[in-house]
Amino acid sequence: MTPTVSRLPWDQYFMRIAQVVASRSTCLRAQVGAVLVRNRSIVATGYNGAPAGMAHCTDVGCLLYKSEAPDGVVETNCFRTIHAEVNAIAQAARNGTSIDGADAYVTASPCVHCLKVLVNVGVRSIYYLRPYKIDRVREMLDQAGIAFVQVELPPDAPPETLPEGSPTGQVDGLS
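Summarised in this report is the structure supplied together with it. (Residues numbered from 1 in each chain as written. Predicted model: local features only at pLDDT ≥ 70, side-chain atom pairs only at ≥ 80, totals over all residues. Heavy atoms only, no water.)

### Looking at the pairing of strand S5 (residues 103–108)
Here is step 1 of the chain: For S5, a buried count of 6 out of 6 residues is recorded, marking the element as mostly surrounded by other parts of the structure.
Here is step 2 of the chain: In the sheet, strand S1 (residues 33–38) pairs with S5 via 4 bridges, with the strands oriented antiparallel. Looking at S5, one finds that Val37 is bridged to Asp103.
Here is step 3 of the chain: Where S5 meets strand S6 (residues 125–130), 5 bridges bridge the pair, whose relative direction is parallel. Across the sheet, the residue bridging to Ala108 is Arg130, located in S6.
Here is step 4 of the chain: On the question of chirality, the crossover connecting S5 to the parallel S6 by way of helix H4 (residues 112–120) is right-handed. (Buried < 20%, exposed > 50% of the residue type's maximum accessible area, 1.4 Å probe, protein only. Helix = DSSP H or I, 4+ residues; strand = E, 2+ residues; numbered from the N terminus. Pairing = 2+ DSSP bridges. Right-handed = clockwise from strand over helix to strand, strands pointing away.)

Given below as structure tokens:
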């Protein structure tokens, strides 16, 4: 009998990888991961943290500053941190990998600055896990025509279905 295997849909698969990428973050305020995908192949990853070779927030603390948007909203940002999306784009550029037409999978929806960069590099779709200030980027998303989709993950990994009569999961004597 052929075993039944439950496979994650592609969007959940890439989002779970983005979660693992986020675990490399050196930001003390939020761990965010990004995965850039073309034709169902990962072309670059990035997480938020300091530029390579520079002091990380986890080592020396955050260097926070406030900025004011045109509508008067004041935001606090970290001077040391590069966002996950920009780090993924930088990785692709450093390796000479085209990301035109790629899809971005990000554990938090992009800020306005990252969205502008994603638009300019030709990302066609942004998949995000949790919303982050979506009201601040909605108009830009509408103008850019980029698909913007929230991905919902199941609470646990998909159940592994073992072959019938095989309590250990071994098939044909293989372990």
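### A word on the side chain of Ser109
Here is step 1 of the chain: Looking at the secondary structure, you find Ser109 in the loop between S5 and H4.
Here is step 2 of the chain: With a relative accessible area of 2%, Ser109 lands in the buried category.
Here is step 3 of the chain: Among the polar contacts made by the side chain of Ser109, one reaches the main-chain amide nitrogen of Tyr132 at a distance of 2.6 Å.
Here is step 4 of the chain: The residues contacting Ser109, other than those within four sequence positions of it, are Glu85, Tyr128, Arg130, Pro131, Tyr132, Ile134 and Phe148. (Polar contact = N/O pair within 3.5 Å; in protein donor to acceptor, adjacent residues only side chain to side chain. Contact = heavy atoms within 4.5 Å.)

Function-wise, these values are silent; they only describe arrangement.
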